[in-house]
Amino acid sequence: MTTVRIGVMYDRDWAPEGLPEFAREVEALGVDDLWVVEDLGWNGGVSAASVALGATERLRVGIGITPAPLRSPALLAMELATLARVFPRRLVAGIGHGVPEWMASVGVAPRSPLALLEETINSVRALLHGERVELEGREVRLDGIQLVHPPIEPPPVVAGVVRPRSLELSGRVADGTLIAEGHGPQDVESARALTRKGGASTDHTLTVFAFCCVGDDADQVAQALQPHTEGHGAWLGRPARQVFTVSGTAEEAAERVRELEAAGAGTVVLRMIGPEPAQQLGTVLKALGR
């Protein structure tokens, strides 16, 4: 049996009104985490997390990710603190750069994405720990801000990043790193090395998103995955065939999860592709001995 946490993503293309039922369904299956997405024009990450938390009893809910340019650190800390107070030990807060073109389209592209992410994560973590924050940074200004109701147990703040300098930054300032879909075991090992180079401690977590499609017909599985691997391959700058997926039969998918775990992933979050996502998820959990 694996010891890695198994999560599932509520895909951004699924209607938000389906989230409560899906959250209860996957909680009943025994999954550890449910992750929601905040992409410009789709669903709000904090509101989606609150819906999922309110619909379930034990499920840990992750936000993957809130784009730093879209969020005031003070407001984001307030929102996260509210969730962490009401649902203690059940929230993971992901923060990232956001897609540059999207940030530019709403007029919030930062002068320095690295400085903004570092200043945002440092500010949010400090506020969640009850500190009074004075910061005249390159991108963030906070003049003596402090939360009245900080969390009793602050949630982990993880950085959703891809590039080397950002991974080093994550190791320096975040509680963990969130790695996007398409990255395989070698990528996870490289990310671990870069976060350590940045100063990550031994308890710095690695959470890996992965496309997941399970079925006995290899051609059908490949066909379902194709638009996702091609699109993500273009984003990652690699051929679609090199985009890592957790796919195949349930046993093959389970083996891919084990490969990510062996490379250092503490949590693997499955982004289900194709029909009956909860049913597919259940077969993978069974193959993993859950």
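Residues numbered from 1 in each chain as written. Predicted model: local features only at pLDDT ≥ 70, side-chain atom pairs only at ≥ 80, totals over all residues. Heavy atoms only, no water.

K.L.:
Describe the overall build of the chain, listing the residues and the values that go with them.
P.N.:
In terms of regular secondary structure, the chain is built from 10 helices and 11 strands. Taking 19 Å as the expected radius of gyration for a compact globule of 290 residues, we find that the chain reaches 18 Å, a close match to that expectation. When the backbone C-alpha atoms are referred to their principal axes, the chain occupies close to 60 × 40 × 40 Å. Within the chain, the fraction of its 290 residues that count as buried is 51%. Put simply, 73% of the contacts in the chain that link residues at least 6 apart link residues at least 24 apart. Roughly 13,200 Å² of accessible area belongs to the chain as shown, and the carbon and sulfur atoms make up 50% of that amount. On the chain, the mean spot of the 27 positive side-chain charges and the mean spot of the 37 negative ones are 6 Å from each other. (Helix = DSSP H or I, 4+ residues; strand = E, 2+ residues; numbered from the N terminus. Rg over C-alpha atoms; globule rule 2.2 N^0.38 Å. Buried < 20%, exposed > 50% of the residue type's maximum accessible area, 1.4 Å probe, protein only. Contact = heavy atoms within 4.5 Å. Areas by Shrake-Rupley, 256 points an atom, 1.4 Å probe, with all protein chains shown as cover. Lys, Arg positive; Asp, Glu negative; His and termini not counted. Charge placed at Lys NZ, Arg CZ, Asp CG, Glu CD.)

K.L.:
Give a description of the layout of surface pockets that names residues and reports values.
P.N.:
One number sums up the size of the second largest pocket: a volume of about 250 Å³. V214, G215, D216, P275 and Q280 are the residues nearest the centre of the second largest pocket, which is lined by 15 residues in total. Among the elements of the structure, β9 (205-214), α8 (218-236) and α10 (277-287) are those that each provide at least two residues to the lining of the second largest pocket. Grouping the amino acids of the lining of the second largest pocket by side-chain chemistry returns six nonpolar, six polar and three charged. (1 Å grid on protein atoms, 1.4 Å probe; cavity = no way out; pocket = protein on both sides within 12 Å on 5 of 7 lines; lining within 4 Å. Points joined across faces, edges and corners; volume = space filled by probe spheres on them. Nonpolar A, V, L, I, M, F, W, Y, C, P; charged D, E, K, R; others polar.)

K.L.:
An account of the packing of aromatic side chains is requested, with residue identities and associated values reported.
P.N.:
Here the structure, examined in full by the defined rule, presents five aromatic pairs. A centroid spacing of 5.1 Å and a plane angle of 80° characterise the contact between Y10 and W14, whose relative ring orientation is edge-to-face. Overall, the relative accessible area of 7% leaves Y10 in the buried class. The side chain of R12 reaches across the aromatic face of W42, ending 3.8 Å from its centre. (Phe/Tyr/Trp six-rings, centres within 6.5 Å; stacked < 30°, edge-to-face > 60°. Lys NZ or Arg CZ within 6 Å of the ring centre and 35° of its normal.)

K.L.:
Tell me about the packing of helix α6 (residues 164-173) against helix α7 (residues 185-197), and please be specific about residues and values.
P.N.:
Helix packing geometry: the angle between the two helix axes and the distance between the axes. Orientation of α6 relative to α7, taken along the N-to-C sense of each, is 60°, at an axis distance of 6 Å. Classified by the angle between their axes, α6 and α7 sit oblique to one another. Both α6 and α7 take part in a crossing whose hand is right-handed. Of the residues in α7, those touching α6 at P164, L167, E168 and G171 are A191, L194, T195 and K197. For the contact of α6 with α7, the class distribution of residues is four nonpolar, two polar and two charged. (Axes fitted to C-alpha atoms, helices over the stretch in contact; angles between N-to-C directions. Parallel < 35°, antiparallel > 145°, perpendicular 65-115°, else oblique. Left-handed = near helix turned anticlockwise from the far one by under 90°.)

K.L.:
A description of the pattern of salt bridges should follow, citing residues and the corresponding values.
P.N.:
The tally for this structure, following the rule as stated, stands at 17 salt bridges. Residue E139 is joined to R111 by a salt bridge in which the shortest nitrogen-to-oxygen separation is 3.6 Å. Here R111 lies in the loop between α4 (100-105) and α5 (113-128) and E139 lies in the loop between β5 (133-136) and β6 (141-145), a separation of 28 residues in the sequence. Look at E139 and you get partly exposed, because its relative accessible area is 23%. A salt bridge links E118 to R172; the nearest nitrogen and oxygen atoms lie 3.0 Å apart. With E118 in helix α5 and R172 in helix α6, this pair connects stretches of sequence that are 54 residues apart. Its relative accessible area of 23% is what places E118 among the partly exposed residues. Taken together, the salt bridges that share partners define one network made up of R5, D33 and R60. (Salt bridge = Lys/Arg side-chain N within 4 Å of Asp/Glu carboxyl O.)

K.L.:
Explain the nonpolar core to me, and be specific about the residues and the numbers.
P.N.:
Across soluble globular proteins, you tend to see nonpolar side chains buried next to one another. Membership of the largest hydrophobic core comes to 72 residues, with the highest contact counts inside it found for I6, L34, V246, L260 and L270. Residue contributions to this core peak at seven residues, all from α5. Every residue in contact with L260, bar those within four places of it in the chain, is listed here: H183, G184, P185, V188, V208, A210, F244, V246, A265 and V268. One finds W35, I65, L178 and V269 within the second-largest nonpolar core, a separate group that totals nine residues. (Core = buried A, V, L, I, M, F, W, Y, C linked by side-chain atoms within 4.5 Å.)

K.L.:
Explain a negative patch on the surface to me, and be specific about the residues and the numbers.
P.N.:
Side chains of D216, D217, D219, E251 and E252 sit close together on the surface and give a patch of like negative charge. With respect to the helices, strands and loops of the structure, E251 is situated in helix α9 (residues 250-263). The exposure class assigned to E251 is exposed, which follows from its relative accessible area of 56%. (Patch = residues over 30% accessible without salt bridge, like charges linked within 9 Å, V, L, I, M, F, W, Y side chains within 5 Å.)

Taken by themselves, the reported measurements are silent on function.
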